Amino acid sequence: MGDLSREELISLARTQAERIAAQDVRIAELTAANEALAARLARLEHLLSRNSSSPPSKDDDPGRTPPAVRKKRDTPAGTRGKQRGAPGSNLAWSDAPDQRRDRFPEGVCGCGAQLTHARDLGVVDRYQQVEVPLMTATLTQYDQHAVRCGCGTLHTAARPQGAGAGPVGYGPNPQAWAVYLMVVHFIPVQRCVRMLQSLTGATPSPGFVHGMLSRAAALTSEVDKRIRTLITLAYAVCCDETPLRVGPKEPKPGRKKADKYLLVACTQWWTHYQVGDRDLATFTAFVVKDLTASVVVHDRYQNYDSAGLGTLVHQLCCAHLLRDLDGAAEVYPDAVWPKRISDAPRALIHETNVAREQNRPGIDPQVKAKLLYNLHHGVLVGL
């Protein structure tokens, strides 16, 4: 260094400055590339976190992007109760009441005479009241008689179906209430027991209440077969599967959860249920394998594409597709295509409902063509 001239030192300094500048440019490029990769990874993680097979009702679970806040109704501030245009639900006057009761004034007149001896002037007012009778469990003893026919044959009165094998049992009403509360309203067994106790005074055991599920299932097996057959004749069938807590609380060895899955296949009129796992064996036993002549609407869970179910005609659930498009709009806030794609199926669904209400065979061809054009070109822009 000491032997270098002034010009050589200046040249060396310039060379080092150029190298430093080039390194700064390279560092800036690498930083930008790293930021782009990080943003892309975040988008992929966001998309992967939105499980396409989960129902839209799960969107507000922890870790998920909350759904968009709905706008408040355009009503005056502080307005409560029924909103303008909403259907009413008031009690209507009935011209055929179940009972009629006359009510007369009671007590003593100012003159000292009893009103029970006053002259009746007729009805001057009336009102109606809906009442529910007080339910109280009653115990009835049935004495079973035997008779002998004139021919000598002996006949004994048989117990009605469901009366139970023991000397004391519950009748059809508490049995029906137990099934209704558990199946229709998904009330747990213990709470169902407490409700029956508080409402009727009966004290069924949890074992009896839970056992009504299998007894009711056995009684409805033939009806279930008919419903399953009717569903296979439908043009379109909606299918879904959801976790259901049944059996023990602790999972079996090798399983993470004790929950099973409730598979549902339904039309406008019929619903068929299948309890099992989310595996191909349960799907094969389900009604979906018999829907080869129907359009199967589902959440694109992988088992629906299995060759073991035969050749199915698929329609992906519009609710799931629209939810995915809402997620894409969150990931790409400056993009136009997510909203354009989602607007088209929403409009198609609306036009379909309007056509159905007006008893038209389908959507207006020009309206349909325009909406499909928007849908297809939105997809092209997204791709």
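The structure under discussion appears in the preceding block.
As a starting point, this report considers the structure included with it. (Residues numbered from 1 in each chain as written. Predicted model: local features only at pLDDT ≥ 70, side-chain atom pairs only at ≥ 80, totals over all residues. Heavy atoms only, no water.)

Quick word on the pairing of strand E5 (residues 271-276)
Then, number 1: Of the two faces of E5, only the one carrying His272, Gln274 and Gly276 is buried; Thr271, Tyr273 and Val275 on the other face are not.
Then, number 2: Examined bridge by bridge, strand E4 (residues 260-266) and E5 share six bridges and lie antiparallel to one another. Among the inter-strand pairings, Cys266 is bridged to a residue of E5, identified as Thr271.
Then, number 3: In sequence, E4 turns back onto E5 through a hairpin of four residues. (Buried < 20%, exposed > 50% of the residue type's maximum accessible area, 1.4 Å probe, protein only. Helix = DSSP H or I, 4+ residues; strand = E, 2+ residues; numbered from the N terminus. Pairing = 2+ DSSP bridges.)

Section: helix H7 (residues 318-331)
Then, number 1: The terminal C-alpha atoms of H7 lie 20 Å apart, and with 14 residues this matches the ideal 20 Å at 1.5 Å per residue to within 8%.
Then, number 2: Considered for burial, the residues of H7 that qualify are His320, Leu322, Arg323, Leu325, Gly327, Ala328 and Val331. (Expected span 1.5 Å × (residues − 1).)

Here's the deal with unusual backbone geometry
Then, number 1: A positive phi angle, close to 55°, is found at Phe186, a residue other than glycine.
Then, number 2: In this structure, Phe186 sits in the loop between helix H2 (172-184) and helix H3 (189-200).
Then, number 3: One non-glycine residue, Asn359, lies in positive phi territory at about 60°.
Then, number 4: Tracing the chain through its elements places Asn359 in the loop between helix H8 (337-357) and helix H9 (365-382).

Observations concerning the sheet that holds strand E7 (residues 313-316)
Then, number 1: Judged by pairing direction, the sheet is mixed, and its five strands sit side by side in the order E5-E4-E3-E6-E7 without closing on themselves. Two strands close off the open sheet at either side, each with one partner strand: E5 and E7. Strand-to-strand twist in this sheet, taken as the mean axis angle between neighbours without regard to direction, amounts to 25°.
Then, number 2: In the sheet, strand E3 (residues 236-244) pairs with strand E6 (residues 295-298) via three bridges, with the strands oriented parallel. From the neighbouring strand, Ala236 faces E6, where its bridge partner is Val295.
Then, number 3: Most of the contacts of helix H5 (residues 221-232) go to E5, to which it runs at about 110°, and overall it touches E3, E4 and E5. (Axes fitted to C-alpha atoms, helices over the stretch in contact; angles between N-to-C directions. Contact = heavy atoms within 4.5 Å.)

Quick look at the environment of Arg323
Then, number 1: By secondary structure assignment, the location of Arg323 is in helix H7.
Then, number 2: Note on Arg323: relative accessible area 4%, which makes it buried.
Then, number 3: In this structure, the C-alpha to C-alpha distance between Arg323 and Ser342, residues 19 residues apart in sequence, is 9.0 Å.

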